[in-house]
Amino acid sequence: MTTELLLGGTVYSSAAPDATALAVTDGVVTWVGTDDVGRALHPDAEITDLHGLFVAPAFVDAHMHLTSTGLALTGLTLNDAVSRTDCLRMIADAVSTIEEGDLVWGRGWDSSTWSGAEAADGRFPTTAELDEVVGNRPVYLARVDEHSAIASTALRRLVIGLEDAHGYHPDDPLVAEAHHLVRGAARSLLSPASRTRAQVRALDAAAAMGVVAVHENGGPDISGLDDFLAIADLDHQVEIRRYWGQAAENADHARELVAIAHADALGGDLFVDGAIGSRTAWLREPYHDAPDITGIEYLPQEIVLNHLRACTEAGLQAGFHVIGDAASATVVAALDALAAEVGTPVLASRAHRVEHAEMVDAAQAETLAACGVVASMQPQFDVEWGAPGELYVQRLGVERAGSLNDFAMLARAGVALAFSSDSPVTPIDPWATIRAAIHHHHPRNAISARGAFAASTRGGWRAGGINDGLTGTLGVGAPASYAVWEVDDLVVAGSHESVQRWSLDPRSRVPALPDVSPGRPLPRCVRTVHRGREVYRAEDQ
């Protein structure tokens, strides 16, 4: 047995709030405490001097898409476009070095933020305008929320019968089934080698941000079985839990789907609805800026209930993509119905999930908590779209926008929270996620740094079915999964006055966390370790 003794830093451990050192043996934390005691107890240990760095449990990104993330890291990104004209210019620059017939995969445009000198600069490019720029190249350009896309004629023609699919429009972005079909056509043009490179690139990027485990959210409509199976075969030290988004008809069907897809669970992006930005999130009342639209119902309550029942009977974790309030109501009604059949303890034992859960009300939160459902949420959504006058207000109006992503209400109700990026929708950056949860645009919806950190660490493991009280911590007996950070300042209290009630008095010896107040530099990862094995080290270390 070889023991590594890390000392001379600050260790985040509730078991030893003043810790400066920890010992790791065979991938397990075996001791946490102070330097002098550590040296005395482990005279033969291999010493690692932390030089004042901060050590904390490593992060889990509980909802992401590896292939799309990897493609976005080196491909065409349109997040910085400020108008239709600017967007088309960026596309033209990107395709100028690409052969005719080669696939162009891009993402990130958001016309809700655009304006310009021309009257049309505030809208998305039409198919004809895109074709003028890209010629005969198959081009797929996902909106920032990944729930609609602009596609060139060359790509559209690869889908037989696209014109008959729900969500088709000859000039506008494609949504719903039409979007899923054209995305599948674009995906089929990726070579296996390029797909694998993208997936590994995404995992490397996660490790560099202190992430040791990710939850891949695939399915027939979002990534395809070939992509999902390839992820199961990856050789990488970042742990992957795989969610296949296909509804099961009964328990035998659920087991069959898991076996065929090599999945860990049946959920993730099993769409009950779409996204607010694409106006496909399913709402009870029409969109504020489109009074004739209430979004799209992808799964009726009968299918939701059957899927929950099938997974529960099969002993599997189920889950759904849920954003709009009508979608939330559908899932909660199904939970209530199944709870009446089997009881809430049985449901809670499966740790079923809802992804995003942006428009959950207090009564629905009570049901989620009683049924042991985990809410997998993305605080950076509020950063992107929650500011006054931004997308949420544009689409929903001020009152409804103010209720979105209410982490505090869910926590009060007892709903287990797991935070993530939904990368590539928002970046893999757990400290930015924690900052967003603390500094919500509506302070009443915010939670404390401790709560946000827990949702990004232990919460992610719990969302993946591991709730042993140790994994995701740095207590004795826990897996040695941690990251080492350069940090400017460590603090205890929450930053919003309204969040102070979630934080404990410093005299109670609560371990401190980095100060992630707006404007402060976020911690920089210098080393990531998973179960005692190093998965990332900064070049300057």
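The text that follows walks through the structure, step by step, so that each part is easy to find. Keep in mind it's a predicted model, so treat the numbers as computed, not measured. (Residues numbered from 1 in each chain as written. Predicted model: local features only at pLDDT ≥ 70, side-chain atom pairs only at ≥ 80, totals over all residues. Heavy atoms only, no water.)

## Side note on the sheet that holds strand β18 (residues 416-419)
What counts, and what does not: By the convention used here, strands pair only if DSSP detects at least 2 bridges between them. Think of it this way: any DSSP run of H or I at least four residues long counts as a helix, any run of E at least two long counts as a strand, and we number them from the N terminus. For every element, the axis is a line fit to its C-alpha atoms; helices are fit only across the contacting stretch, and the angle between N-to-C directions ranges from 0 to 180 degrees.
The strand order β15-β16-β17-β18 describes an open sheet built from four strands, whose pairing is parallel. Edge positions in the sheet fall to β15 (319-322) and β18, since each has one partner strand and no second. Each adjacent strand pair in this sheet contributes to an overall mean axis angle of 25°, direction not counted. In this structure, strand β17 (residues 374-377) lies alongside β18, joined through four bridges in parallel fashion. Within the sheet, the bridge partner assigned to Val374 lies in β18 and is Ala416.

## Quick look at helix α3 (residues 84-95)
Selection criterion: Given a helix with a known number of residues, its expected span is that number minus one, times 1.5 Å. Only protein chains enter the accessibility calculation, which uses a 1.4 Å probe; a residue is then buried when its area is under 20% of its type maximum, exposed when over 50%, and partly exposed in between. Note on definitions: a residue-residue contact is assigned when non-hydrogen atoms from the two residues lie within 4.5 Å.
Helix length check: α3, at 12 residues, gives a terminal C-alpha distance of 17 Å against a target of 16 Å (1.5 Å per residue), a fit within 8%. Buried within α3 we find Arg84, Asp86, Cys87, Leu88, Met90, Ile91 and Val95. Buried residues belonging to α3 abut β8 (76-77), β9 (104-109), α4 (127-134) and β10 (139-143).

## Let's talk about empty space enclosed by the protein
Our working definition: In this analysis the probe radius is 1.4 Å and the grid spacing 1 Å, with only protein atoms considered; a cavity is a set of points the probe fits into but cannot get out of, a pocket is an open set with protein on both sides within 12 Å along at least five of seven lines, and lining residues have an atom within 4 Å of a point. Grid points are joined across faces, edges and corners, and a volume is the space filled by probe spheres set on the points. For this scheme, ten residues count as nonpolar: Ala, Val, Leu, Ile, Met, Phe, Trp, Tyr, Cys and Pro. Four count as charged, namely Asp, Glu, Lys and Arg, and the remainder, Gly too, count as polar. Residue ranges for the domains originate in an automatic or database domain assignment.
Within the structure shown, the criterion is met by six cavities of 30 Å³ or more. Approximately 240 Å³ is the volume found for the largest cavity. For the largest cavity, the lining is made up of 25 residues, of which Asp145, His147, Ala275, Asp422 and Val425 are closest to its centre. Looking at the lining of the largest cavity, the elements with two or more residues in it are α6 (176-188), α14 (380-385) and α15 (391-396). For the lining of the largest cavity, a count of residues per class yields 11 nonpolar, seven polar and seven charged. Built from parts of two domains, the lining of the largest cavity gets at least three residues from each of domain 2 (64-189) and domain 3 (193-464). Forming the walls of the second largest cavity are His65, Leu66, Thr67, Ser68, Trp105, Arg187, Glu216, Asn217, Ile222, Ser223 and Asp227. Contributing elements (two or more residues each) for the lining of the second largest cavity: α2 (66-74) and β13 (211-218).

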